[in-house]
Amino acid sequence: MNDFRVALGLLTIFPVRYDTLHISARALAWYPLVGLLVGIILTAAQFSLRLVLPDLIVAVFIVALWTILTGGLHLDGFADACDALFAATTRERRLEILRDVHLGTFGAAGLVLLLMLKATTLASATTLAPIFLAPILGRWAIVFAATFPLARREGMAATFIAGLTRREIFIATLFTAIIAELGGWLGFAAFSVGIATTWVIAQLALNRLGGLTGDIYGMICESVEVGVLLVGALKIF
């Protein structure tokens with residue numbers, strides 16, 4: 001169970017203990033399950049708050065809770081990735097920007113737009129399915145992203161995906177596909193958006209950085225979550 005505790009400790013603020021000497025890519029198989037736990041909490045909170053508050057106010061509270069539960073881990077990566085990927089500079093300078101702790105213009109603008117999209121799409125959703133599916137697919141997307149080359153051999157991303165095999169990818173994908181199927185056409189569309197979003201961002205990172213990094217994983221997770229919420233806001237579902 002150390003692998004599950006690693007996944008839970010890394011992706012949430014839950015105070016779990018795990019053996020830091022035995023961290024391996026096996027933990028990635030548990031990422032969608034951690035997303036499921038986050039999704040259950042957010043879904044329950046949204047359902048309860050909607051009984052007493054307007055949808056938009058509820059959405060803001062849910063986004064805040066979402067950020068707290070995950071420790072803002074992927075939001076930080078999203079902002080750093082925006083600064084690096086969209087700056088007009090060299091590949092070497094982009095990699096340096098990813099290590100910079102300061103927030104740049106692209107990072108700030110991207111973060112604001114991301115949070116606005118999360119809140120407005122949550123407020124527009126007519127069902128609870130999007131908020132339930134988004135954390136699951138967002139964390140599965142990290143597993144998918146881990147199959148692409150890394151931009152550098154050191155760092156957190158390299159540590160956590162070292163030794164990744166088809167077994168972890170298969171388990172994570174099968175679990176996510178089963179959950180998505182329960183959502184019917186919305187689940188199928190959300191899964192498709194997750195695949196497409198991950199692939200597009202991965203290609204952008206390969207082109208501009210030479211590979212992916214932990215911050216790019218964060219951008220992919222957040223972008224897939226927003227993509228799922230956007231699917232849920234479509235009037236055709």
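These numbers were taken from a predicted model, which means no experiment stands behind them.

Caption draft 1: Seen up close, the packing of helix H2 (residues 31-49) against helix H9 (residues 166-181). Orientation of H2 relative to H9, taken along the N-to-C sense of each, is 35°, at an axis distance of 8 Å. Counted together, Pro32, Leu33 and Leu36 of H2 and Ala172, Phe175 and Thr176 of H9 form the full contact between these two elements. Counted by class, the contact of H2 with H9 contains five nonpolar, one polar and no charged residues.

Caption draft 2: Looking closely at the packing of helix H3 (residues 55-70) against helix H7 (residues 129-145). Contact pair H3 / H7: the axes reach a minimum separation of 13 Å and the direction vectors enclose 35°. For the element pair H3 and H7, the recorded crossing hand is right-handed. For the pair H3 and H7, contact is made by Ile62, Trp66 and Thr70 and by Ile131, Ala134, Pro135 and Arg139, respectively. Here the residues of the contact of H3 with H7 sort into five nonpolar, one polar and one charged.

Caption draft 3: Geometry of the nonpolar core. Counting residues in hydrophobic clusters, the biggest one holds 72 residues, and the most contacted among them are Tyr31, Trp66, Leu122, Leu212, Ile216, Tyr217 and Ile220. Excluding residues within four positions of it along the chain, leucine 122 makes contact with Gln46, Arg50, Ala59, Ile62, Val63, Trp66, Ile131 and Leu229.

Caption draft 4: Quick look at H3. If you check H3, its first and last C-alpha atoms are 22 Å apart, about what 16 residues at 1.5 Å a residue would give, namely 22 Å. Within H3, the full set of buried residues consists of Val58, Ala59, Ile62, Val63, Trp66, Leu69 and Thr70. Take H3 and look down its axis: the buried residues cluster within an arc of 140°, on one side only. Along its buried surface, H3 packs onto helix H1 (2-11), H2, helix H4 (73-85), helix H6 (105-124), H7 and helix H11 (214-233). Following H3 by one or two positions, glycine 71 has its phi on the positive side, about 65°.

Caption draft 5: Seen up close, the state of the cysteines. Under the defined criterion, the tally for this structure stands at zero disulfides. Of all cysteine sulfurs in the structure, the one in cysteine 221 sits closest to cysteine 82, which takes part in no disulfide; the separation is 14 Å. Its relative accessible area of 4% is what places cysteine 82 among the buried residues. When its relative accessible area of 0% is taken as the criterion, cysteine 221 is described as buried.

Caption draft 6: Here's a closer look at empty space enclosed by the protein. Tallying each qualifying case throughout the model produces one cavity of 30 Å³ or more. Roughly 40 Å³ of volume is contained in the largest cavity. Along the walls of the largest cavity sit Val63, Trp66, Thr67, Thr70, Gly72, Leu75, Leu115, Lys118 and Glu222, which together make up its complete lining. With four residues, the single largest contributor to the lining of the largest cavity is H3. For the lining of the largest cavity, a count of residues per class yields four nonpolar, three polar and two charged.

Thresholds, definitions, all that
- Residues numbered from 1 in each chain as written.
- Predicted model: local features only at pLDDT ≥ 70, side-chain atom pairs only at ≥ 80, totals over all residues.
- Heavy atoms only, no water.
- Axes fitted to C-alpha atoms, helices over the stretch in contact; angles between N-to-C directions.
- Helix = DSSP H or I, 4+ residues; strand = E, 2+ residues; numbered from the N terminus.
- Contact = heavy atoms within 4.5 Å.
- Nonpolar A, V, L, I, M, F, W, Y, C, P; charged D, E, K, R; others polar.
- Left-handed = near helix turned anticlockwise from the far one by under 90°.
- Core = buried A, V, L, I, M, F, W, Y, C linked by side-chain atoms within 4.5 Å.
- Buried < 20%, exposed > 50% of the residue type's maximum accessible area, 1.4 Å probe, protein only.
- Expected span 1.5 Å × (residues − 1).
- Arc of directions from axis to C-beta.
- Disulfide = S-S within 2.5 Å.
- 1 Å grid on protein atoms, 1.4 Å probe; cavity = no way out; pocket = protein on both sides within 12 Å on 5 of 7 lines; lining within 4 Å.
- Points joined across faces, edges and corners; volume = space filled by probe spheres on them.

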